[in-house]
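The chain contents come next:
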Amino acid sequence: MNLKLQQYINGEWTNANSGNTRTIINPFNQEVIAEVPEGDESDAKAAIAAAREAFDLGEWSSTPATERGAFVRKIAEFIERDKEELAHLESLDTGKTVEESRGDMEDIAGVFRYFSELADKDGGELIDSPIPNSSSKVVYEPVGVCGQITPWNYPLLQASWKLAPAIATGNTLIMKPSEITPLTTIKVFELIEEAGVPAGVANLVLGTGAAIGSELSSSTDVDLISFTGGIDTGKKIMQAASSNVKNLALELGGKNPNVIFADADFEVAVDQALNGVFFHAGQICSAGTRLIVEESIHDEFVQALVERVKNFKLGSGFDEDTQMGPLISAEHLAKVENYVEAGVKEGATLAVGGKRPEDPELQNGFFYLPTIFTDCTTDMSVVQEEGFGPVITIEKFQAEDEAVKLANDSIYGLAGGVFTNDIAKAERCAAKMRMGTVWINEFNLYFPHAPWGGYKQSGIGRELGRLGMEEYTETKHIFRNHKPETMNWF
Ligand SMILES: NC(=O)c1ccc[n+]([C@@H]2O[C@H](COP(=O)([O-])OP(=O)(O)OC[C@H]3O[C@@H](n4cnc5c(N)ncnc54)[C@H](O)[C@@H]3O)[C@@H](O)[C@H]2O)c1
Ligand SMILES: C[N+](C)(C)CC=O
């Protein structure tokens, strides 16, 4: 593997202070693919100190936005150049099909391009001051030192949503990828170095959330934490971030409803319902794992889903005909098994799946069969909890209001979909669904221009789009008196 396999702190590639390492395995067959440093609090502290110094020096934050945008554009170009290598690493690390990883790399390059173009497009605002002989303006400044923590399911994609806007806006940062899937993030730091981003601006620390993530969250030298991951971790980070009232951006989980009306295009709705869940074996925050289907088409819809699911090809992400890869780890496989077991105990009916595959070629990987539960009710844990695996629950409805009520009956509010050919009905539902993204006759689509984030416990703040840039800026009002005079009050 032609990769540095080290941390990147203050422009230097380093091993962990302790000398400890972690073995990274391929979830398809458990083969060792890399040995990376396992940093601890001392590595995190060194990276925070480097980022703090680079920010407080002021050179980076006062670099013209056009120049910072040019650095970000170069990174986009290098990602496009190294797309195949990056896609290969992502599939090795996550088990997802290399076709999906190629798509991710295109999206990631697009994210860097988008923020490079946005970098110098907002120079602030002149306010029409109500005070005579004065001027009033608003300027946007970087927040400071940013801690960035990412999950294992879309390692580089989630990192790109944080790295590109932070660099474009003149912040300094410390990135901590998931300890399970660090490879593409290491590679992108090679590209950040190659692009010439100054030492100390972007730092990479490798290790666990308990050691490094909590140091980033609690340090009073960090001004902002941007986190993508599970709700429970998000809550811990929120508490730790109160140490110095950090700015906080949280992208958390989802249990995303997909409402199918009887008047939807049947084939499209079936196809999108499957795509909405089974890409990356359901390990997607916005997976449409909660299907809510109009009663009159329910049985036919379930039958069509089951027929298609039975023919899914599970296998290595590097085989061209593989449609679904493994889950990420033995631990996660056990979690999905327990989740399904709970559904069965609560009375949901297993229409298909519900176990590991028997294919001898898949026994060394963390595979789980695509699974569909019918006869589900909103009180079931499988309907309320995020399983983060290839599992769909199906509920029935009769009336539009009932469908919306079911869709909103959740602690989550990340994303949802509605399939119908009645556009007025679709718009009515979209308006009432309490989620950060609602797709009409589509599922799981995202692009850099539109904001991404959750209502309710799915998070705080937005990534992507202009709002994703604003997360990394502070707003300052500057008032100037052109004709200062004494007040003679005291
Ligand atoms: N909303 C979104 O856009 C989005 C995108 C991708 C994934 N997710 C969510 O991520 C979750 C799956 O990812 P995961 O299992 O890696 O999540 P996780 O919360 O277990 O871990 C995410 C990151 O947090 C770190 N971490 C763990 N404990 C920490 C602590 N105490 N302090 C600081 N950092 C800590 C981990 O090391 C990892 O880097 C799912 O819930 C999924 O929905 C959300
Ligand atoms: C945000 N997204 C959809 C790219 C990945 C969620 O897990």
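What you see is a predicted model; the values in this text were computed from it and never measured.

**Re the overall build of the chain**
Along its length, the chain carries 15 helices and 22 strands. Taking 490 residues into account, the globule formula puts the C-alpha radius of gyration at 23 Å, and the chain, at 24 Å, falls close to it. For the C-alpha atoms alone, the extent of the chain along its principal axes is close to 80 × 55 × 40 Å. Counting all 490 residues of the chain, 57% fall into the buried class.

**As for the pattern of salt bridges**
Per the counting criterion, the structure on display carries 28 salt bridges. The shortest N-O distance in the salt bridge between E80 and R113 comes to 3.0 Å. Of this pair, E80 sits in helix 2 (residues 65-81) while R113 sits in helix 4 (residues 98-118), placing them 33 residues apart in sequence. For E80, a relative accessible area of 39% translates into the label partly exposed. A network of salt bridges, in which partner residues are shared, links R81, D82, E85, K187, E190 and E194.

**Focus: a nonpolar patch on the surface**
A contiguous nonpolar patch, built from M487, W489 and F490 and spanning about 580 Å² of accessible area, is present on the exposed surface. Inspection of the secondary structure puts W489 in the segment after strand 22 (473-481).

**Observations regarding the site of ligand 2**
Taken together, N153, Y154, L157, Q158, W161, I284, C285, S286, Y446 and W452 make up the full set of residues adjacent to ligand 2. Contact distances for ligand 2 include 2.7 Å between an oxygen atom and a side-chain N or O atom of N153. Taken together, the residues that form the shell around ligand 2 break down as 7 nonpolar, 3 polar and no charged.

**Quick look at helix 10 (residues 295-310)**
The end-to-end C-alpha distance of helix 10, which contains 16 residues, comes to 23 Å, matching closely the 22 Å that a straight helix rising 1.5 Å per residue would cover. Within helix 10, burial applies to I297, H298, F301, V302, L305, V306 and V309. As for helix 10, its buried residues are in contact with strand 12 (257-260), helix 9 (266-278), strand 13 (290-294), strand 14 (349-352), strand 15 (371-374) and strand 16 (391-397).

**Considerations on the packing of helix 5 (residues 155-168) against helix 6 (residues 183-195)**
Axis angle and axis distance: for two packed helices, these are the angle between their axes and the distance between the axes, and together they describe the pair. At their nearest, the axes of helix 5 and helix 6 sit 10 Å apart, and the two run at 30 degrees to each other. Considered as vectors, helix 5 and helix 6 are oriented roughly parallel to each other. Seen from above, helix 5 lies across helix 6 with right-handed handedness. The residues of helix 6 that touch helix 5, namely those facing P155, L156, A159, L163 and I167, are T184, T185, V188, F189 and I192. Taken together, the residues of the contact of helix 5 with helix 6 sort by class into 8 nonpolar, 2 polar and no charged.

**A short note on the packing of aromatic side chains**
Two measures describe an aromatic ring pair: the distance that separates the ring centres and the angle between the ring planes. The final tally for this structure, using the stated rule, is 15 aromatic pairs. Where W439 meets W452, the ring centres are 6.1 Å apart and the plane angle is 40 degrees; that geometry is what we call tilted. Taken together, the positions of W439 in strand 19 (residues 437-440) and W452 in the loop between strand 19 and strand 20 (455-456) put the pair 13 residues apart, joining distant regions of the chain. A relative accessible area of 7% places W439 in the buried class. The interplanar angle of 70 degrees and the centroid separation of 6.1 Å between the aromatic rings of Y446 and W452 together place this pair among those described as edge-to-face.

**Some remarks on the site of ligand 1**
Around ligand 1, 28 residues are found, and the nearest of them are T150, E179, T233, L252 and E386. W152 places a polar side-chain atom, nitrogen or oxygen, 2.8 Å from an oxygen atom of ligand 1. Between ligand 1 and G229, the relevant distance is 3.4 Å, taken from an oxygen atom to a main-chain nitrogen or oxygen of the residue. Starting from 840 Å² of accessible surface for ligand 1 in isolation, the protein chains cover 87%. Broken down by secondary-structure element, the contributors of at least two residues to the shell around ligand 1 are helix 7 (209-218), strand 10 (224-228) and helix 8 (231-241). Classifying every residue of the shell around ligand 1 gives 11 nonpolar, 12 polar and 5 charged.

**A look at unusual backbone geometry**
The backbone of D375 shows a phi angle near 55 degrees, a positive value even though the residue is not glycine. The residue D375 is located in the loop between strand 15 and helix 12 (381-384) in this model. When its relative accessible area of 44% is taken as the criterion, D375 is described as partly exposed. For N488, which is not glycine, the phi dihedral falls at a positive 55 degrees. When its relative accessible area of 66% is taken as the criterion, N488 is described as exposed.

**Looking at the sheet that holds strand 13**
Here we have 7 strands laid out as an open sheet, ordered 14-15-16-13-12-18-19, and mixed in their pairing. The open sheet is flanked by strand 14 and strand 19, the only strands paired with a single partner. Within this sheet the neighbouring strands show an average axis-to-axis angle of 25 degrees, counted without direction. Relative to strand 15, strand 14 runs antiparallel, the two sharing 3 bridges. Among the inter-strand pairings, T349 is bridged to a residue of strand 15, identified as T374.

**Description of the environment of D379**
Considering the arrangement of structural elements, one finds D379 in the loop between strand 15 and helix 12. Each C-alpha atom of the pair D379 and E346 lies 9.3 Å from the other, and the pair is 33 residues apart in sequence. In terms of polar contacts, D379 uses its side chain to reach the side chain of T377, at 2.6 Å.

Cut-offs used in this document
- Residues numbered from 1 in each chain as written.
- Chains lettered and ligands numbered in written order.
- Predicted model: local features only at pLDDT ≥ 70, side-chain atom pairs only at ≥ 80, totals over all residues.
- Heavy atoms only, no water.
- Helix = DSSP H or I, 4+ residues; strand = E, 2+ residues; numbered from the N terminus.
- Rg over C-alpha atoms; globule rule 2.2 N^0.38 Å.
- Buried < 20%, exposed > 50% of the residue type's maximum accessible area, 1.4 Å probe, protein only.
- Salt bridge = Lys/Arg side-chain N within 4 Å of Asp/Glu carboxyl O.
- Patch = residues over 30% accessible without salt bridge, like charges linked within 9 Å, V, L, I, M, F, W, Y side chains within 5 Å.
- Areas by Shrake-Rupley, 256 points an atom, 1.4 Å probe, with all protein chains shown as cover.
- Near = heavy atom within 4 Å.
- Polar contact = N/O pair within 3.5 Å; in protein donor to acceptor, adjacent residues only side chain to side chain.
- Nonpolar A, V, L, I, M, F, W, Y, C, P; charged D, E, K, R; others polar.
- Expected span 1.5 Å × (residues − 1).
- Contact = heavy atoms within 4.5 Å.
- Axes fitted to C-alpha atoms, helices over the stretch in contact; angles between N-to-C directions.
- Parallel < 35°, antiparallel > 145°, perpendicular 65-115°, else oblique.
- Left-handed = near helix turned anticlockwise from the far one by under 90°.
- Phe/Tyr/Trp six-rings, centres within 6.5 Å; stacked < 30°, edge-to-face > 60°.
- Pairing = 2+ DSSP bridges.

Spatial relationships are all this shows, so hold off on functional conclusions.
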